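# Architecture and fold: a report
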Amino acid sequence: MDPSSTGIQEPFDLIRLSLSERVFVKLRGDRELTGILHAYDGHMNLILSDAEETIMIVDPVDGNFEGQGTVKVAKRKMEMLFVRGDGVILVSPPSRT
Amino acid sequence: MLIFSVFKTLTDQRVTVELKNDLSISGVLKSVDQFLNIRLDSIKVLDETRHPHMMAVKNCFIRGSVVRYVQLPAEHVDTQLLEDATRREAANQAKR
Amino acid sequence: MSGSPTDFLKGVVGKRVIVRLTSGVDYRGILSCLDGYMNIALEQTEEHVNGIVTNRYGDAFIRGNNGGYRSRR
């Protein structure tokens, strides 16, 4: 497998290059996080600081069948957070140019 | 193994464990194992009205797999040390 | 032997792919690489929900257990 122009040979390289950077994490249960990445492991367990969580709550009361209803957004901040890897769907580093 | 070590350094600190069923328990971290099962003492349930059955409970064992988050005391986490240890573990993984 | 699943996946590195998660969400992008757990790294990724673009990421790491299948475009 020839490394691409970005020097990434396996998916975890992408995460390693994001250490001490702010990352975006998409989680199960309509949750998203941004935070500064300080640690991860092979299960995708993460430790983030200055984390902000966004929870999307779809309100079924106002929802019609075609649309998605009104989406309420709840946000909260956490200073230092361990995230269990089994809830992680996607991790995106800050765009490198 | 890295995350396990981090939790071990945080024993006797107060942490808040948020479970996948939205129950949040704060307590003093007494022990942790390789599965990240957690034992907490002096626990407080954050939303007691929603979980009245937890009021009498003073300590508990939490199976690692039901954990969503653990809020850690930031002043007891050395982020530089974490990043170095993570890079070292990633390098070891690559060698295998 | 060029018929094995591993060879197929090696062959699509660098190509445009669609990754569909078990939740039904699609990620369309260029496959940078993948590993034995089917963790996937994509470039120029677009997130599609019900055919609508809902997010764009320069790079994206998708955890293996969420991935459904991927197709070449």
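In the nomenclature of an unreviewed UniProt entry, chain C corresponds to U6 snRNA-associated Sm-like protein LSm6 from the organism Boletus edulis BED1. Under Subunit (unreviewed entry), UniProt gives the following word-for-word description of chain C: "Component of the heptameric LSM1-LSM7 complex, which consists of LSM1, LSM2, LSM3, LSM4, LSM5, LSM6 and LSM7. Component of the heptameric LSM2-LSM8 complex, which consists of LSM2, LSM3, LSM4, LSM5, LSM6, LSM7 and LSM8. The LSm subunits form a seven-membered ring structure with a doughnut shape."

If you look chain A up in an unreviewed UniProt entry, it shows as LSM complex subunit LSM3 from Boletus edulis BED1. UniProt lists a comment for chain A under the heading Function (unreviewed entry), and it reads "Binds specifically to the 3'-terminal U-tract of U6 snRNA."

## Side note on the overall build of chain A
Helix and strand content of chain A: one helix and five strands. Reading chain A from its N terminus to its C terminus gives the helix and strand order α-β-β-β-β-β. Relative to its 97 residues, chain A shows a buried fraction of 47%. Of all intrachain contacts in chain A linking residues separated by at least 6 positions in sequence, the fraction that spans at least 24 positions is 48%. Approximately 4900 Å² of chain A is accessible, and the part contributed by carbon and sulfur atoms is 50%.

## Description of the interface of chain C and chain A
Each partner contributes residues to the interface: chain C has 22 residues there, and chain A has 26 residues. Between chain C and chain A, roughly 1900 Å² of surface is buried when both sides are summed, and carbon and sulfur atoms account for 59% of that area. In terms of surface lost to chain A, no three residues of chain C exceed Asp59(C), Phe61(C) and Arg63(C), which account for 37% of the buried area on that side. Between the two partners, chain C and chain A, sit one salt bridge. Ionic pairing is found between Glu47(C) and Lys26(A), a salt bridge with its closest N-O pair at 3.5 Å. Applying the counting rule to chain C against chain A returns six residue pairs in polar contact (both at pLDDT 80 or more). For the side of chain C that touches chain A, the elements supplying multiple residues, two or more each, are strand 2 (26-34), strand 3 (40-49) and strand 4 (52-62) of chain C. A per-element tally of the side of chain C that touches chain A places strand 4 of chain C first, with six residues. For strand 5 (residues 88-92) of chain A and strand 4 of chain C, the ladder comprises two bridges, and the chain directions are antiparallel. Bridging from a neighbouring strand, Leu90(A) pairs with Ile62(C) of strand 4 of chain C.

## Some details on the side chain of Asn45(A)
With respect to the helices and strands, the residue Asn45(A) is situated in the loop between strand 2 (31-40) and strand 3 (46-59). Of the polar contacts made by the side chain of Asn45(A), one reaches the side chain of Asp41(A); its length is 3.0 Å.

## Section: the nonpolar core
By size, the foremost hydrophobic cluster in this structure holds 32 residues, and its most contacted members are Ile25(B), Leu40(B) and Leu72(B). Elements supplying a minimum of two residues to this core: strand 4 (70-83) of chain A together with helix 1 (2-9), strand 1 (14-19), strand 2 (24-32), strand 3 (38-45), strand 4 (60-62), strand 5 (67-71) and helix 2 (79-95) of chain B. Looking at this core element by element, the count peaks at five residues for helix 1 of chain B. With residues near it in sequence (within four places) discarded, Leu40(B) still touches Val15(B), Val17(B), Ile25(B), Gly27(B), Val28(B), Leu29(B), Asn59(B), Cys60(B) and Ile62(B). Counting residues in hydrophobic clusters, the runner-up holds 25 residues, among them Phe12(A), Leu19(A), Leu33(A) and Val83(A).

## As for the environment of Ala74(A)
Residues and elements named next belong to chain A. Tracing the backbone shows Ala 74 in strand 4. On the accessibility criterion, Ala 74 (29% relative accessible area) is partly exposed. When the C-alpha atoms of Ala 74 and Asp 30 are compared, they prove to be 11 Å apart, with 44 residues separating the residues in sequence. If we skip the residues at most four places from it in the chain, Ala 74 touches Glu 53, Thr 54, Ile 55 and Ile 57.

Conventions we followed
- Residues numbered from 1 in each chain as written.
- Chains lettered and ligands numbered in written order.
- Predicted model: local features only at pLDDT ≥ 70, side-chain atom pairs only at ≥ 80, totals over all residues.
- Heavy atoms only, no water.
- UniProt positions renumbered as here; feature names shortened; annotations may be inferred.
- Helix = DSSP H or I, 4+ residues; strand = E, 2+ residues; numbered from the N terminus.
- Buried < 20%, exposed > 50% of the residue type's maximum accessible area, 1.4 Å probe, protein only.
- Contact = heavy atoms within 4.5 Å.
- Areas by Shrake-Rupley, 256 points an atom, 1.4 Å probe, with all protein chains shown as cover.
- Buried area = accessible area lost by both parts, 1.4 Å probe.
- Salt bridge = Lys/Arg side-chain N within 4 Å of Asp/Glu carboxyl O.
- Polar contact = N/O pair within 3.5 Å; in protein donor to acceptor, adjacent residues only side chain to side chain.
- Pairing = 2+ DSSP bridges.
- Core = buried A, V, L, I, M, F, W, Y, C linked by side-chain atoms within 4.5 Å.

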